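Now for the letters of each chain:
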Amino acid sequence: MAIEVLMPALSPTMEEGTLAKWLVKEGDVVSSGDVIAEIETDKATMEFEAVDEGIVGKIIIAEGTDNVKVNAPIAVLIDDGEELSATPIASAPATAEPSAPAAAPVTPAKIVIPEEPDLPAGTDMKTQTVREALRDAMAEEMRGNENVFLMGEEVAEYQGAYKISQGLLDEFGARRVIDTPITEHGFAGLAVGAAFGGLNPIVEFMTFNFAMQAIDQIINSAAKTLYMSGGQMGCPIVFRGPNGAAARVAAQHSQDYAAWYAHVPGLKVAMPYSASDAKGLLKSAIRDPNPVIFLENEILYGKSFDVPALDGYTVPFGKARIWREGSDVTIVSFGIGMTYALEAADRLAKDGISAEVIDLRTLRPLDTETVIRSVQKTNRCVTVEEGFPVCSIGNHISAVLMQQVFDYLDAPVINLTGKDVPMPYAANLEKLALVTTDEVVEAAKTVTYR
Amino acid sequence: MAARKTTKKPNISKQELLEYYREMLLIRRFEEKAGQLYGMGLIGGFCHLYIGQEAVVVGLEAAASEGDKRVTSYRDHGHMLACGMDPKGVMAELTGREGGYSKGKGGSMHMFSKEKHFYGGHGIVGAQVPIGAGLAFADKYLGNDRVTFTYFGDGAANQGQVYETYNMAELWTLPVIFVIENNQYAMGTSVSRSTKSPSLWERGAAYGIPGEEVDGMDVLAVKAAGEKAVAHCRAGKGPYILEVKTYRYRGHSMSDPAKYRTREEVQKVREQRDAIEHVRELLLTGKHATEDDLKAIDKDIKAIVNEAAEFSKTSPEPALSELYTDIYADA
Ligand SMILES: Cc1ncc(C[n+]2csc(CCOP(=O)(O)OP(=O)(O)O)c2C)c(N)n1
Ligand SMILES: [Mg+2]
């Protein structure tokens, strides 16, 4: 019986890919384990091995085809002596399966940024992914300051586990782009020492889940030493890496640490959403004389945005961005939460509710001014984040609003967060555990009494 | 098949050889199936296959007794199958279904079976090492003669908590066997790019822990070393280190482009050192089995794996109410 060869999912977040190259042609005999094609995901080019045996009866998707959806038939294998047309094709099991993994929240690939008020009029923009923007920020700062170096697991030869440091080893060499053993507590502490010693380290954690191994050095050494030394010894260092849930990687690999680090005096914390903010904030972080926690997101890495093509473009810490002006309700978010906030605002507009959407961009310092000013106008507020509900960033914002503009509030502030559970693996439960656009829409309606 | 250093124990029985063959084959076929299900989108997230390393767990399980414990990393499917956990329950956990060992809540990296004394399934590199010593601590405290097999990778061997654990394990004479599964790579980093120690097991000497290197592609050598380590622990002499030299044939996880090694390197190990081929050859040349016997075993294993795959597709997703269960134990 003929067997369909399906486009494989080659990473946790892959939804489609490019069929870069066929390594077999029609009529070739393949056995299980043979490499039959090269497939490009957003992260890498992967070799695709046959899992069945047979003869390549037909190549359905030509090489060089972009955006081939996972599970789309790409070729048909037949048995010896079999005619392709005469045989029924085994149905593709996964497509018939109702419970394939939850797709990552879908956002339009390209998002137009409202003009930054502080950009000169007519600034050229180029479209970049968050991944490229982060790489450029590091490369530019490394070119500008010989003392900036990058250290972490798989950052050099592997080009980054999530390909953020692609090309940096080639440009800057092994002295400045350094692969470490798997020893987070050790290399985080070593980098803190290097910062005390006059360098400007960028430490990549493969993900922030693993920074838990190093959290003592981050908090007890990096964050507190300036204070303890009476201002003598600062720690100019950036700890960066993906934070929060990716897709289906379960409890130990899916956690948003925004509130954890925002809690700590002595640290600065940035959590960008767009590529331009990722770039501008990372450059600011590298130049900052303090320890900065820079929280990225794997699902956002591949999203494209307009980035100002400006030399020396930076985004200041402590300044929120108003993405969308509105008059009925203020939606405050940051990082991937912005995806839901902006989607919700679109949907609310259709229902005649005008939402103002604020991206905090940095959580320490936190631009409460912008939030307060907005709430004085809209009188209602919904906060959106992925972290756990207890002691969340939203809780803090609610407290600030209560203390400073209590009389302006026409409804209790709603804090939307991830659910109060470790992240489950099962597709259906994972979807439930995460904050959703639907919840944002509903909360906005609740606070506006619609 | 290239010649092996290890001398075969002459008294190995046909029954034993057949058993190891079956168990290693089960792991391999199971993992191949898991790879397929991942490609079809039925398994999500990270999925780390054990293909190539089968002789390590099968050899050590052959040295274990009822009640002994084991704990390992995220590359855990082989360990679960080898300690007798049900392939259906393991595969259904991989697909995130109700019938999985963790009811679909843990996934590939996080599975447990109290009944089989399998303590996980840990996603944070190195974290299982002190946990393994803690299991051994509990056994010693309770006064039984159980031992704990604590598996970790060559990459994990550089984590600081491993050495904190070595120190305590020897200090308190804990019955724990540290099994370093040296498959030569930690993701894309080869051992020589992560340490200048000539051998990983020798690091135990700094804490007074004995150990040895073992050919992990030879199930009989692994079993013999395991028996020695178990005897040491059960005699109350404290921890023991086995650095088992092995090789992973597949990428680190499903999304690893594996540019850090050549296809030829992988091919060479497959052709010259494959652990399953080795036992197959022993069975055939020793006239313990015929090609037909082995084909029958293949068929059997295929049926078990297909049944597991089928179960993992038909078992329902967990009920939505499961989101909020198991966060706290009832007081
Ligand atoms: C503390 C921590 N750091 C990093 C990672 C990411 N990571 C997962 S597996 C791995 C490589 C581990 O290699 P090794 O210990 O040799 O085990 P193997 O995968 O070869 O079985 C890395 C870096 C992690 N899970 N936990
Ligand atoms: Mg390894």
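As the structure is a prediction and not an experimental result, all values here were calculated from the model. (Residues numbered from 1 in each chain as written. Chains lettered and ligands numbered in written order. Predicted model: local features only at pLDDT ≥ 70, side-chain atom pairs only at ≥ 80, totals over all residues. Heavy atoms only, no water.)

Once that is clear, we can look at the overall build of chain A. Of regular secondary structure, chain A possesses 14 helices and 23 strands. Relative to the globule expectation of 22 Å for 450 residues, the C-alpha radius of gyration of chain A, 24 Å, shows essentially globular dimensions. The principal-axis extent of the C-alpha atoms belonging to chain A is close to 80 × 60 × 45 Å. Across chain A, contacts joining residues at least 24 apart in sequence account for 77% of those joining residues at least 6 apart. About 17300 Å² of surface is accessible on chain A, with carbon and sulfur atoms providing 52% of the total. Of note, chain A has its 35 positive side-chain charges centred 7 Å away from the centre of its 63 negative side-chain charges. (Helix = DSSP H or I, 4+ residues; strand = E, 2+ residues; numbered from the N terminus. Rg over C-alpha atoms; globule rule 2.2 N^0.38 Å. Contact = heavy atoms within 4.5 Å. Areas by Shrake-Rupley, 256 points an atom, 1.4 Å probe, with all protein chains shown as cover. Lys, Arg positive; Asp, Glu negative; His and termini not counted. Charge placed at Lys NZ, Arg CZ, Asp CG, Glu CD.)

With that out of the way, let us pick up the nonpolar core. Residues and elements named next belong to chain B. By size, the foremost hydrophobic cluster in this structure holds 75 residues, and its most contacted members are F149, I177 and L242. In terms of residues, this core owes the most to one element, helix 1 (residues 14-39), which gives 12 residues. Setting aside anything within four residues of it in sequence, one finds I177 in contact with V147, T148, F149, T150, A229, V230, C233, Y240 and L242. (Core = buried A, V, L, I, M, F, W, Y, C linked by side-chain atoms within 4.5 Å. Buried < 20%, exposed > 50% of the residue type's maximum accessible area, 1.4 Å probe, protein only.)

Right, let's get into the site of ligand 1. As a matter of local geometry, ligand 1 sits amid 22 residues, with E184 of chain A together with Y74, R75, A156 and N183 of chain B nearest to it. More than one chain reaches ligand 1: its neighbouring residues belong to chains A and B. A distance of 3.5 Å separates an oxygen atom of ligand 1 from a polar atom in the side chain of H252 of chain B. Expressed as a share of its isolated accessible area of 580 Å², the protein-covered part of ligand 1 is 96%. Given that more than half its atoms are within 2 Å of the pocket grid, ligand 1 belongs to the largest cavity. For the shell around ligand 1, a count of residues per class yields 10 nonpolar, eight polar and four charged. (Near = heavy atom within 4 Å. Polar contact = N/O pair within 3.5 Å; in protein donor to acceptor, adjacent residues only side chain to side chain. 1 Å grid on protein atoms, 1.4 Å probe; cavity = no way out; pocket = protein on both sides within 12 Å on 5 of 7 lines; lining within 4 Å. Sits in = over half its atoms within 2 Å of the grid points. Nonpolar A, V, L, I, M, F, W, Y, C, P; charged D, E, K, R; others polar.)

Residue and element names in this part refer to chain B. Coordination sphere of the magnesium ion (ligand 2), protein contribution only: D154 (OD), N183 (OD1) and Y185 (O), at 2.1 to 2.2 Å. Between the donor residues of the magnesium ion (ligand 2), the gaps in sequence give the motif D-x28-N-x1-Y. Taken as a pair, D154 in the loop between strand 2 (148-153) and helix 6 (160-171) and N183 in the loop between strand 3 (176-182) and strand 4 (185-186) lie far apart in primary sequence, 29 residues in all. What makes N183 buried here is its relative accessible area of 5%. (Donors = N, O, S within 2.8 Å, 3.2 Å for Na, K, Ca; no water.)

To continue, consider helix 5 (residues 215-223) of chain A. Taken as a whole, helix 5 of chain A has its buried residues at Q217, I218, I219, S221, A222 and A223 of chain A. Its buried side turned inward, helix 5 of chain A meets helix 4 (184-196), helix 6 (225-228), strand 14 (238-242), helix 7 (258-262) and strand 16 (292-296) of chain A.

Take the confidence of the model for chain A next. Here chain A shows a mean pLDDT of 91. Residues at 70 or above account for 92%. Predicted confidence for residues 86-115 of chain A stays below pLDDT 50, and this span has 58 contacts to residues more than four positions away or in other chains. (pLDDT = per-residue confidence, 0-100.)

Take the pairing of strand 6 (residues 54-59) of chain A next. Residues and elements named next belong to chain A. For strand 6, a buried count of five out of six residues is recorded, marking the element as mostly surrounded by other parts of the structure. Where strand 3 (residues 29-30) lies against strand 6, two bridges are found, and the strand directions are antiparallel. In the strand pairing of strand 6, V29 is matched with I55. Pairing geometry for strand 6 and strand 8 (residues 73-78), over four bridges, is antiparallel. Across the sheet, K58 pairs through a bridge with V76, a residue of strand 8. (Pairing = 2+ DSSP bridges.)

Residues and elements named next belong to chain A. Taken in spatial order, the five strands line up as 18-20-19-22-23 in an open sheet, and their pairing is mixed. Looking along the sheet, the strands with just one partner apiece sit at the ends: strand 18 (321-324) and strand 23 (414-416). Adjacent strand axes in the sheet meet at a mean angle of 25 degrees when their direction is disregarded. For strand 18 and strand 20 (residues 355-359), the ladder comprises three bridges, and the chain directions are antiparallel. Its bridge partner lying in strand 20, R324 is registered against V357. Here helix 14 (residues 437-447) sits on the sheet in contact with strand 19 (329-333), strand 22 (381-384) and strand 23, set at roughly 175 degrees to strand 23. (Axes fitted to C-alpha atoms, helices over the stretch in contact; angles between N-to-C directions.)

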